[in-house]
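# Structural features, examined
Here are the chains, one letter per residue:
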Amino acid sequence: DPFAGDPPRHPALRVNSLKPFNAEPPPELLTQSFLTPNELFFTRNHLPVPSVEPGSYRLRVEGPGGRGLSLSLAELRQRFPKHEVTATLQCAGNRRSEMSRVRPVKGLAWDIGAISTARWGGARLRDVLLAAGLGDKTGEDGEWHVCFEGLDVDASGTPYGASIPLKRALSADAEVLLAYEMNGQELPRDHGFPVRVLVPGVVGARSVKWLRSVVVSPSESPSHWQQNDYKGFCPSVDWDSVDFSSAPAIQELPVQSAITEPRPGAAVPAGEITVKGYAWSGGGREVVRVDVSLDGGRSWRVAELGPRPARGRGWAWALWELRAPVAAGTRLDIVCKAVDSSYNVQPDSVAPIWNLRGVLSNAWHRVPVTVTR
Ligand code: MTE
Ligand code: MO
């Protein structure tokens, strides 16, 4: 069993797949704290969790012309200043189960919990690339890329891999990390021990865990997960007609929000209802407003937002809350939708954004409840 060496997990996690391990925290725990506790952070593994001996770990950094570096864990910690970023990570498949209700899609049936937030600490990828002499390819002869490979491999020995544009990797503002800390602790094994990439504002798939190599290249990662997965398509594209080379790899994610309390189908007491949820957008576009409706979208109220990051550094979600009076014996169709700093909004329904892989599912989130006496 290639998964026999996987680590123990928290019993509260909702498991979507055991081997490989994929699990999300229950919604009501998700918004209990701004930073998700490490043991409750959603986990998305494509392969068995590798066992890494930290003393012999080495990170290979390479580029054109034989330039490069090989770093031990101690060197990564000592040679480069530690930089910290509070960032939300969201899987492209978050809320996929709502998409499958429109029409079946291929992929894990994530509910609303394939998203979590942590304070990440590590070396800036920018600093490491500059130290390796790989800082000079921006703007030259088209877009260059930084390709990452993990130490996790499939049965044929092929590792997980993904890439981001070199421009993002070298940007001081983009704050891309080679992270070795998560919420002040060393990375847990499920989240990439001892080193992972953390790309703020970008789809989770690019934040490669158990990082073994960083390669600066004129082309994107050749990995399956960069080329033939994690891309969006027109709703009429099916598995016979899909051409993965026709669509760009997902990088920055669109604006998203969801209701974590109450749960769909719940019976809530008359008097005052408290609606809670999260909202987030990609690319550092912070959430500027969350609108909540109790009547299916006919009338709206503005939710109260929790602490938010500075403008242009909106890497982390906003938790929000709305309190409203509700009368006994009524049915509520609770809806939320967020607005980001570019005034991007969420689509009102799932069908027009349906796609065969069930990614980028960010329609208004709807939660029907009844109010008891
Ligand atoms: N990195 C490696 N090496 N292997 C993986 O399977 N999964 C990716 C990304 N990095 C993955 C990986 C995907 S799709 C997501 S959404 C995030 O890791 C999830 O990170 P987490 O498990 O720490 O939440
Ligand atoms: Mo993902």
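Residues numbered from 1 in each chain as written. Chains lettered and ligands numbered in written order. Predicted model: local features only at pLDDT ≥ 70, side-chain atom pairs only at ≥ 80, totals over all residues. Heavy atoms only, no water.

## With respect to the overall build of the chain
Looking only at helices and strands, one finds 6 helices and 22 strands in the chain. Projected onto its principal axes, the C-alpha positions of the chain cover 70 × 45 × 45 Å. In the chain, which comprises 373 residues, the proportion classed as buried is 55%. For the chain, the proportion of contacts with a sequence separation of at least 24, taken over those separated by at least 6, is 71%. Counting only carbon and sulfur atoms, one obtains 51% of the accessible surface of the chain, whose full area is about 15200 Å². Here the chain carries 42 positive and 40 negative side-chain charges, and the mean point of each set is 3 Å from the other. (Helix = DSSP H or I, 4+ residues; strand = E, 2+ residues; numbered from the N terminus. Buried < 20%, exposed > 50% of the residue type's maximum accessible area, 1.4 Å probe, protein only. Contact = heavy atoms within 4.5 Å. Areas by Shrake-Rupley, 256 points an atom, 1.4 Å probe, with all protein chains shown as cover. Lys, Arg positive; Asp, Glu negative; His and termini not counted. Charge placed at Lys NZ, Arg CZ, Asp CG, Glu CD.)

## Brief notes about the pairing of strand E22 (residues 365-372)
Side chains of E22 alternate between two faces, with His365, Val367, Val369 and Val371 buried and Arg366, Pro368, Thr370 and Thr372 left unburied. Of the pairings in the sheet, the one linking strand E21 (residues 331-340) to E22 comprises 6 bridges and is antiparallel in character. Note on E22: the bridge partner recorded for valine 335 is arginine 366. (Pairing = 2+ DSSP bridges.)

## Notes on the pattern of salt bridges
All told, the structure shown has 20 salt bridges when counted by the stated rule. In this structure, arginine 67 engages aspartate 136 in a salt bridge whose closest nitrogen and oxygen atoms are separated by 3.3 Å. Of this pair, arginine 67 sits in the loop between strand E4 (58-62) and strand E5 (68-72) while aspartate 136 is found in the loop between helix H4 (125-131) and strand E8 (145-153), placing the two residues 69 residues apart along the sequence. Arginine 67 sits in the partly exposed class, given a relative accessible area of 30%. Judged by its relative accessible area of 39%, aspartate 136 falls in the partly exposed class. Between arginine 366 and aspartate 333 there is a salt bridge; the shortest N-O distance is 3.6 Å. Pair noted here: arginine 366 is in strand E22 and aspartate 333 is in strand E21, with a separation of 33 residues, a long-range link. Classification of aspartate 333 as partly exposed rests on a relative accessible area of 27%. Look at the salt bridges and you will find they share partners, linking Arg168, Glu252, Arg285 and Asp340 into a network. (Salt bridge = Lys/Arg side-chain N within 4 Å of Asp/Glu carboxyl O.)

## Overview of the site of ligand 1
Neighbouring residues of ligand 1: 20 residues in total, closest Phe42, Asp152, His191, Arg196 and Lys209. Taking histidine 46, its side chain carries an N or O atom lying 2.7 Å from an oxygen atom of ligand 1. Within the contact set of ligand 1, an oxygen atom lies 2.5 Å away from a side-chain nitrogen or oxygen of lysine 209. Taking 530 Å² as the accessible area of ligand 1 by itself, protein coverage stands at 100%. Judged by its atoms lying within 2 Å of the grid points, ligand 1 is housed in the largest cavity. Every element with two or more residues in the shell around ligand 1 is listed here: strand E3 (43-44) and E8. (Near = heavy atom within 4 Å. Polar contact = N/O pair within 3.5 Å; in protein donor to acceptor, adjacent residues only side chain to side chain. 1 Å grid on protein atoms, 1.4 Å probe; cavity = no way out; pocket = protein on both sides within 12 Å on 5 of 7 lines; lining within 4 Å. Sits in = over half its atoms within 2 Å of the grid points.)

## A short note on the sheet that holds E22
Taken in spatial order, the 5 strands line up as E15-E22-E21-E17-E18 in an open sheet, and their pairing is mixed. At either end of the open sheet lies a strand with only one pairing partner, and these are strand E15 (267-269) and strand E18 (301-302).

## Remarks on empty space enclosed by the protein
A probe matching the size of a water molecule, rolled over the atoms, marks out where space remains unfilled. Evaluated as defined, the whole model comprises 2 cavities of 30 Å³ or more. Taken as a whole, the largest cavity holds about 230 Å³ of empty space. Lining the largest cavity are 20 residues, with Arg44, Arg196, Gly204, Ser207 and Lys209 positioned closest to its centre. The residue inventory of the lining of the largest cavity, partitioned by class, reads 10 nonpolar, 6 polar and 4 charged. Reported here for the second largest cavity is a volume of approximately 60 Å³. (Points joined across faces, edges and corners; volume = space filled by probe spheres on them. Nonpolar A, V, L, I, M, F, W, Y, C, P; charged D, E, K, R; others polar.)

## Some remarks on the environment of glutamine 78
Turning to its location among the elements, glutamine 78 is positioned in helix H2 (residues 73-79). You can call glutamine 78 exposed: its relative accessible area is 67%.

## A closer look at the nonpolar core
Counting residues in hydrophobic clusters, the biggest one holds 53 residues, and the most contacted among them are Leu125, Leu129, Val146 and Leu211. Two domains each put at least three residues into this core: domain 1 (14-246) and domain 2 (256-372). With sequence-adjacent residues up to four places away left out, leucine 125 is seen in contact with Val146, Phe148, Ile164, Ala169, Val176, Leu177, Leu178 and Val214. (Core = buried A, V, L, I, M, F, W, Y, C linked by side-chain atoms within 4.5 Å. Domains from an automatic or database assignment.)

## Concerning the state of the cysteines
Tallied over the entire structure, the rule returns 0 disulfides. Left without a disulfide partner, cysteine 336 is nearest to the cysteine sulfur of cysteine 91, which lies 19 Å away. (Disulfide = S-S within 2.5 Å.)

## Topic: the domain arrangement of the chain
The assigned domain composition of the chain is domain 1 (14-246) and domain 2 (256-372). Each of domain 1 and domain 2 has a C-alpha centre, and the two are 27 Å apart. With 46 residues of domain 1 at the interface, the matching set in domain 2 holds 36 residues. Both sides of the domain 1 and domain 2 interface together cover about 3600 Å² of buried area, and 60% of this is carbon and sulfur. When the area that domain 1 buries against domain 2 is broken down by residue, the three leading residues are Thr31, Arg95 and Met99, summing to 20%. In this assembly, domain 1 and domain 2 are joined by 2 salt bridges. (Buried area = accessible area lost by both parts, 1.4 Å probe.)

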